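Chain by chain, the residues run as shown.
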Amino acid sequence: MEDAMNSVQEVSVGDIVKGEVLAIEDKQVVVGIEGAGVEGVVPAKELSTLQVEDINELVKVGDILDLVVITSIGKDKENGSYLLSKRRLDAKKVWEEIEQDFQAGKIIEAPVTNVVKGGLVVDVGVRGFVPASMVEDHFVADFSEYKGQTLAFKIIEIEPSENRLILSHKAVVETEKEAKKKEILSQLTDGDIVDGKVARLTDFGAFIDLGGIDGLVHVSEIGHQHVAKPSDVLTVGEDVKVKILSINPEEDRISLSIKETLPGPWTDIEDKAGVGAVLEGKVKRLTSFGAFVEVFPGVEGLVHISQISHKHIATPHEVLHEGDEVKVKVLEVNPDEHRIALSIKALEAKPESQEEPKEVESYELPEENTGFTMGDILGDALKGQESDSE
């Protein structure tokens, strides 16, 4: 008898014990504490870290549970002598695991159980909180759709003694995007033509999503013709083809061009503006030696001063103004040098009395590169006479 008495384990608050389920009641479970010869009670709220409606879903008579002694409620009382908790012991183990994950920088997954003011509540065996600023890497107006989702989180802060666990989904998203960027960058090469989607438009260009990393198309690289604002020709979400001009991996910068993927304005120009063709155009610039007329977007031809009018004029400004709409006849086409010689007077009736052509004065070329030689600009007096006599 003395040996049996000595073998009885003493139970103290904080002890971890094993208890056999003897009975399951409405709001508690009665257990026998192994080695102590006494009973204890586990309230329903102390059975699990999760909220459970029916205790029978968690335990059944005969189960052996690991429990921690919360307090003594006095021996010989009807419902047992100790108050026990399985939840707190489970939570202690969870906190230890979370601490290990935190130290190792491990990413954990957990379901979102609730949406509260200021963020999300998640269940990782204990309550975790995700501040609104740590949910995504972009602004989210309504978090309700997150409830019930299982997401990946990085542990930002942990303090078991205060039941404080701060998590971040944003950090996981940013890490994944950074890895995706590096993968995409490693697959791209200068000169590649790839598919993209217009992500954002600014005054200076368009940002194109290449599948996880954005590249910039400067406004000057959008089209062959002049583009004042990217929004004039592009829309967010539009699919486009772009050519990679340069890649800067250190700064995650990619320069792109849409223009380089499009046919140039001079492509097939002989088909569009063959010799003898009559076209409509707009006077873009006036010089002392003639007028430059845009006949297609990005394609300008020269109407030499001798081809503007049958009448003698000292300067093109006498009969033309920038912005004028005119009809012109194509006299010559040189696709390789991007040159078209045009005539306005060839489409006008020749006056009955025509003065002898005067000697063409010489003019200095402007500093800009017009694509025309001095001979083109001065013209050939003899050719001018021959055209007048036609």
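An account of the accompanying structure is given in this report. Predicted model only: the values in this text are computed from it and were never measured.

Quick word on helix H2 (residues 87-104)
Now for step 1: Between its first and last C-alpha, H2 extends 25 Å over 18 residues, near the 26 Å set by a 1.5 Å rise per residue.
Now for step 2: Every buried residue belonging to H2 is among Leu-89, Ala-91, Val-94, Trp-95, Ile-98 and Asp-101, and all of these are buried.
Now for step 3: Contacts from the buried residues of H2 go to strand E1 (16-24), strand E4 (64-72), strand E5 (82-85), strand E6 (107-116), strand E9 (150-159) and strand E10 (164-168).

What about the sheet that holds strand E12 (residues 205-209)?
Now for step 1: If you trace the 5 strands once around the closed barrel, you get E11-E12-E13-E15-E14, paired in mixed fashion. Here the strands of the sheet are splayed against their neighbours by 55 degrees on average, with no regard to which way each runs.

Re the pairing of E10
Now for step 1: Across the 5 residues of E10, 4 count as buried, placing the element largely inside the fold.
Now for step 2: With 5 bridges connecting them, E9 and E10 associate as antiparallel partners. The residue of E10 that forms the bridge with Glu-157 is Ile-166.
Now for step 3: The loop that links E9 with its antiparallel partner E10 comprises 4 residues; one of these, Asn-163, has a positive phi angle of about 50 degrees.

Things to note about the sheet that holds strand E2 (residues 28-33)
The strands making up a sheet are joined through hydrogen bonds of the backbone, oriented either antiparallel or parallel.
Now for step 1: What the 5 strands build is a closed barrel, ordered E1-E2-E3-E5-E4; its pairing is mixed. Each strand of the sheet is rotated relative to its neighbour by a mean of 50 degrees, with strand direction disregarded.
Now for step 2: As paired elements, E1 and E2 share 5 bridges and run antiparallel to each other. Across the sheet, the residue bridging to Glu-20 is Gly-32, located in E2.

Describing the pairing of strand E20 (residues 339-343)
Along any regular strand, the residues point their side chains to alternate faces of the sheet.
Now for step 1: Counting buried positions along E20 gives 4 out of 5 residues, so the element sits mostly inside the fold.
Now for step 2: Pairing analysis gives 2 bridges linking strand E18 (residues 299-304) to E20, with the strands arranged parallel. When the bridges of E20 are listed, Leu-302 appears paired with Ala-341.
Now for step 3: Inspection of the sheet shows strand E19 (residues 325-334) paired to E20 by 5 bridges, in the antiparallel sense. Each bridged residue has a counterpart across the sheet, and for Glu-332 the counterpart in E20 is Ala-341.
Now for step 4: Taking the residues between adjacent antiparallel strands as the criterion, E19 and E20 are bridged by 4 residues, where His-338 takes a positive phi near 55 degrees.

Quick look at the packing of aromatic side chains
Now for step 1: Throughout the structure, instances matching the rule amount to 3 aromatic pairs.
Now for step 2: Each ring, one from Phe-204 and one from Phe-207, has its centre 6.2 Å from the other, and the planes form 85 degrees; the classification is edge-to-face.
Now for step 3: Assessed through its relative accessible area of 17%, Phe-207 is described here as buried.
Now for step 4: Ring centres of Phe-289 and Phe-292 lie 6.2 Å apart, and the angle between their planes is 85 degrees; on these two criteria the pair is classed as edge-to-face.

Some points on a negative patch on the surface
Now for step 1: Side chains of Asp-268, Glu-270, Asp-271 and Asp-336 sit close together on the surface and give a patch of like negative charge.
Now for step 2: Here Asp-268 shows up in the loop between strand E15 (253-257) and helix H4 (269-272).

Regarding unusual backbone geometry
Now for step 1: The phi angle at Asn-163 is positive, at roughly 50 degrees, despite the residue not being glycine.
Now for step 2: Positionally, Asn-163 belongs in the loop between E9 and E10.
Now for step 3: The class for Asn-163 is exposed, based on a relative accessible area of 56%.
Now for step 4: Its identity is not glycine, yet His-338 carries a phi of approximately 55 degrees, on the positive side.
Now for step 5: Among the secondary structure elements, His-338 is positioned in the loop between E19 and E20.

Overview of the environment of Lys-181
Now for step 1: Structurally, the position occupied by Lys-181 is in helix H3 (residues 170-187).
Now for step 2: With a relative accessible area of 26%, Lys-181 lands in the partly exposed category.
Now for step 3: Contact partners of Lys-181, with chain neighbours within four places excluded, come to Gly-212, Ile-213 and Asp-252.

Description of H3
Now for step 1: Helix length check: H3, at 18 residues, gives a terminal C-alpha distance of 26 Å against a target of 26 Å (1.5 Å per residue), a fit within 8%.
Now for step 2: Of all the residues in H3, the buried ones are Ala-171, Val-172, Val-173, Ile-184 and Leu-185.
Now for step 3: Along its buried surface, H3 packs onto E6, E9, E10, strand E14 (239-248) and E15.

Let's talk about the pattern of salt bridges
Now for step 1: Evaluated as defined, the whole model comprises 18 salt bridges.
Now for step 2: Between Glu-96 and Lys-92 there is a salt bridge; the shortest N-O distance is 2.9 Å. In this pair, Glu-96 and Lys-92 are both assigned in helix H2, 4 residues apart and thus about one turn of the helix distant.
Now for step 3: When its relative accessible area of 40% is taken as the criterion, Glu-96 is described as partly exposed.
Now for step 4: When the shortest N-O distance is used, the salt bridge between Lys-197 and Asp-239 registers 2.8 Å. Here the residue Lys-197 occupies a position in strand E11 (residues 193-201), and Asp-239 occupies one in strand E14, the gap between them amounting to 42 residues.

Reading guide: rules and limits
Per-chain numbering applies: the sequence of each chain, read as written, is numbered from 1 onward. The model is predicted, so local features are restricted to residues of pLDDT at least 70 and side-chain atom pairs to those at 80 or more, both for listing and for counting; the totals for chains, interfaces and linings are taken over all residues. The side-chain values count all of the structure's non-hydrogen atoms but skip hydrogen atoms and water molecules. Helix and strand assignments come from DSSP, with helices taken as H or I runs of at least 4 residues and strands as E runs of at least 2, each series counted from the N terminus. A helix is expected to span 1.5 Å for every residue after the first. Exposed residues in this analysis have more than 50% of their type's maximum accessible area, buried residues have under 20%, and partly exposed residues fall in between, with area computed by a 1.4 Å probe over protein chains only. We call two residues contacting when some pair of their heavy atoms lies within 4.5 Å. Paired strands are those between which DSSP finds at least two bridges. Axis definition: a line fitted to C-alpha atoms, limited for helices to the stretch in contact. Angles are taken between N-to-C directions and run from 0 to 180 degrees. Only Phe, Tyr and Trp rings take part, Trp by its six-membered ring, and two of them pair if their centres are within 6.5 Å. Stacked means planes under 30 degrees apart, edge-to-face means over 60, and tilted covers everything else. Like-charged residues within 9 Å of one another, or nonpolar side chains (Val, Leu, Ile, Met, Phe, Trp, Tyr) within 5 Å, are grouped into patches, provided each residue has over 30% relative accessible area and no salt bridge. Using the Shrake-Rupley algorithm and a 1.4 Å probe, accessible areas are obtained, with residue cover drawn only from the displayed protein chains. For salt bridges, the criterion is a side-chain nitrogen of Lys or Arg within 4 Å of an Asp or Glu carboxyl oxygen. Charged-residue counts in this description rest on Lys and Arg as positive and Asp and Glu as negative, His and the chain ends being excluded. Charge positions come from single atoms, namely NZ of Lys, CZ of Arg, CG of Asp or CD of Glu.

These figures capture arrangement, not role.
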